[in-house]
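Summary of the model geometry
Letter by letter, the chains look like this.
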Amino acid sequence: MNGTSKVLVGSVYGAALAYALLSLILSLQTYGGDAGMTIPGLGLIHGPYSAFISSMPYGVAIAAGGFALSVAGMFTKGPLDVAGRENPVEYLWTHRPNAFLRCLAAPWGLITSAWEKDRRMVAIPVALSPLYAVWSLLITVALVVPFAIAWATVSWKISSARENEKVRYRTSTQFAVCPSCKRRFSRPNVICSCGLVIDYPVPGIHGIRQQTCNNGDSIPCTAGSRTGLATSCPYCRKKISTHEAMPVCVSLAGASRAGKTTLMLASAYVLIDGARRCGIPAEAATEGLSPERLAAKDSTDVTLSEEAESECLFLKPHGEGEREIVFNDIAGSEFEPDLGKHLFEEYYKYADGTLFVFDPTDPAGISGLMDVFDSFYGMFTQIRCESPGTKSDVMFAVVASRRDRTGLEDGDVRPFLMSKGQDAFVNTVESLFPNHEYFSVCSVGSDCQSAVEPLMWILHGVDRDLADRINAKIRANK
Ligand SMILES: [Zn+2]
Ligand SMILES: [Zn+2]
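Residues numbered from 1 in each chain as written. Chains lettered and ligands numbered in written order. Predicted model: local features only at pLDDT ≥ 70, side-chain atom pairs only at ≥ 80, totals over all residues. Heavy atoms only, no water.

**Here's the deal with the coordination of the zinc ion (ligand 1)**
- Within the protein, C178 (SG), C181 (SG), C233 (SG) and C236 (SG) serve as the donor atoms for the zinc ion (ligand 1), at 2.3 Å.
- Every donor counted, the four donor atoms about the zinc ion (ligand 1) form angles of 106 to 122° at the centre, which fits tetrahedral coordination.
- Of note, the donors binding the zinc ion (ligand 1) are all from one chain and are spaced C-x2-C-x51-C-x2-C. Of this pair, C181 sits in the loop between β3 (176-177) and β4 (184-185) while C236 is found in the loop between β9 (230-232) and β10 (239-240), placing the two residues 55 residues apart along the sequence. (Donors = N, O, S within 2.8 Å, 3.2 Å for Na, K, Ca; no water. Tetrahedral: all angles 85-135°; square planar, octahedral: opposite > 155°, others 65-115°. Helix = DSSP H or I, 4+ residues; strand = E, 2+ residues; numbered from the N terminus.)

**Side note on the packing of aromatic side chains**
- Here the structure, examined in full by the defined rule, presents 28 aromatic pairs.
- On the numbers, 5.8 Å between centres and 50° between planes, the contact of F376 with F396 is tilted. One end of the pair, F376, is in helix α11 (residues 369-383); the other, F396, is in strand β16 (residues 395-400), with 20 residues separating them in the sequence. There is no split in this pair, since F376 and F396 are both buried.
- Following the ring pairs from residue to residue traces out a cluster consisting of Y347, Y348, F356, F373, F376, Y377, F380, F396, F425 and F433.
- Its end group placed over the ring of Y169, R187 keeps NZ or CZ at 3.9 Å from the ring centre. (Phe/Tyr/Trp six-rings, centres within 6.5 Å; stacked < 30°, edge-to-face > 60°. Buried < 20%, exposed > 50% of the residue type's maximum accessible area, 1.4 Å probe, protein only. Lys NZ or Arg CZ within 6 Å of the ring centre and 35° of its normal.)

**Quick notes on the packing of α11 against helix α14 (residues 423-432)**
- The interhelical angle for the contact between α11 and α14, taken along N-to-C directions, is 25°, at an axis separation of 9 Å. With respect to α14, the axis of α11 lies roughly parallel. Crossing hand, α11 versus α14: left-handed. Counting all contacts with α11, which are made through L369, M370, F373 and Y377, the residues of α14 involved are A424, F425, T428, V429 and L432. (Axes fitted to C-alpha atoms, helices over the stretch in contact; angles between N-to-C directions. Parallel < 35°, antiparallel > 145°, perpendicular 65-115°, else oblique. Left-handed = near helix turned anticlockwise from the far one by under 90°. Contact = heavy atoms within 4.5 Å.)

**Here we look at the coordination of the zinc ion (ligand 2)**
- At 2.1 to 2.3 Å from the zinc ion (ligand 2) lie its protein donor atoms, namely C192 (SG), C194 (SG), C213 (SG) and D217 (OD).
- Taken together, the four donor atoms surrounding the zinc ion (ligand 2) define angles of 100 to 119° at the centre, an arrangement classified as tetrahedral.
- Sequence spacing among the residues donating to the zinc ion (ligand 2) works out to C-x1-C-x18-C-x3-D. Of the two residues, C192 sits in the loop between β5 (189-191) and β6 (197-198) while C213 sits in the loop between β7 (210-212) and β8 (218-220), which places them 21 residues apart along the sequence.
- With relative accessibility at 0%, the residue C213 sits in the buried group.

**Let's talk about the sheet that holds strand β17 (residues 436-440)**
- Taken in spatial order, the seven strands line up as β12-β13-β14-β11-β15-β16-β17 in an open sheet, and their pairing is mixed. The strands lining the two open edges of the sheet, one partner per strand, are β12 (282-284) and β17. Direction aside, neighbouring strands of the sheet carry axes that sit 20° apart on average.
- Taken together, the five bridges between strand β13 (residues 311-315) and strand β14 (residues 323-329) define a ladder with antiparallel strand orientation. From the neighbouring strand, F314 faces β14, where its bridge partner is E324.
- Most of the contacts of α11 go to strand β15 (residues 353-358), to which it runs at about 155°, and overall it touches β11 (246-253), β15 and β16. (Pairing = 2+ DSSP bridges.)

This is the structure in structure tokens:
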């Protein structure tokens, strides 16, 4: 049971027991021949059970014993049980299912706990009930008001904390994505340090600032305090990192050997380096962007279609929400027609931008541009449930690779395509993706700053301030 629940139980039980205790004392006083207690303004107060006590042999002992049995019942496991069932996280004591009834039943807890242990044992508390029934009834009545006050206070706190959290999550994170199954969801699951998988902790009936798993571990549940939690995908259950970062999702498209994977690695390499130089910690979250892989970026093999995982890296600007850059690099063969395609490109639903890469030194690649685009666009509209021909607000970068060999500038790419008879491709792209741009990049060697430009263009469209800060450092290095 967490701290909040202990305080709640303490104050509700405390108020009811104080009232019952006072009643016990007054009853004993009256029983002992005293006239009761004089309270200023109220006059003479009598204990309600003096008649009951006086009717019993050994009245004082019976009154005190009965009172103790009622109190013992309140502290048995049943009335204090707050364990979560479907989501293995403890409830707040005032907000368990049927909390009010369970609270009122607390002074009768000896009966319920005997029933749970062994039904035959119920005979004992039932046999003793004439001793404590009067006190249990009194305490039950006395619990109503403190419980109602506690419930109302906690409900009000929950609703304001929940509203705050919702606003902060919406501005800092919005949603999370799974690099494995590529689905987007509002919140991941959390893996507690004890191994229990729980719903993402938000202020609610399980806690306002902290929640407690059924094994007793505490878990923060307010926005910003949860970045260190281990998380998993609610669909495929794989362990993922989210850090409550806002995802910026980029998809790569293009034929086999157009240079997509090299472009992704080079842009990640330059971005991480530029971010670190302006004091923004940056780290890869997936194996594909590990420092070793980035260092060996020039010797990457063709991406196999089984290598379907997205690659992610985190930027952690000080004092602002984190950003997660998600690259969806799938094999070029997926864009070739007449292949049994598996449409796992869920990310088209939420991608902020697409990098459409081609190799200007490959004549076959240039002449096949329209086919590759058609194939991409077919998947794109199908997954987004849009009719073909719908204009999209997704950013679309046409990226010519191998600038080291062609010497093309960004401004040369469009005329180059036109000169190669790709008017249809250019016109289609420009009409379907009004937010488009042309880039010429070199992704190999140490002089690969240009590779990050298309990515920075997309980042700029999502988070202008962050992109400007990083861009300044990257350009200073040119
Ligand atoms: Zn998943
Ligand atoms: Zn735990």
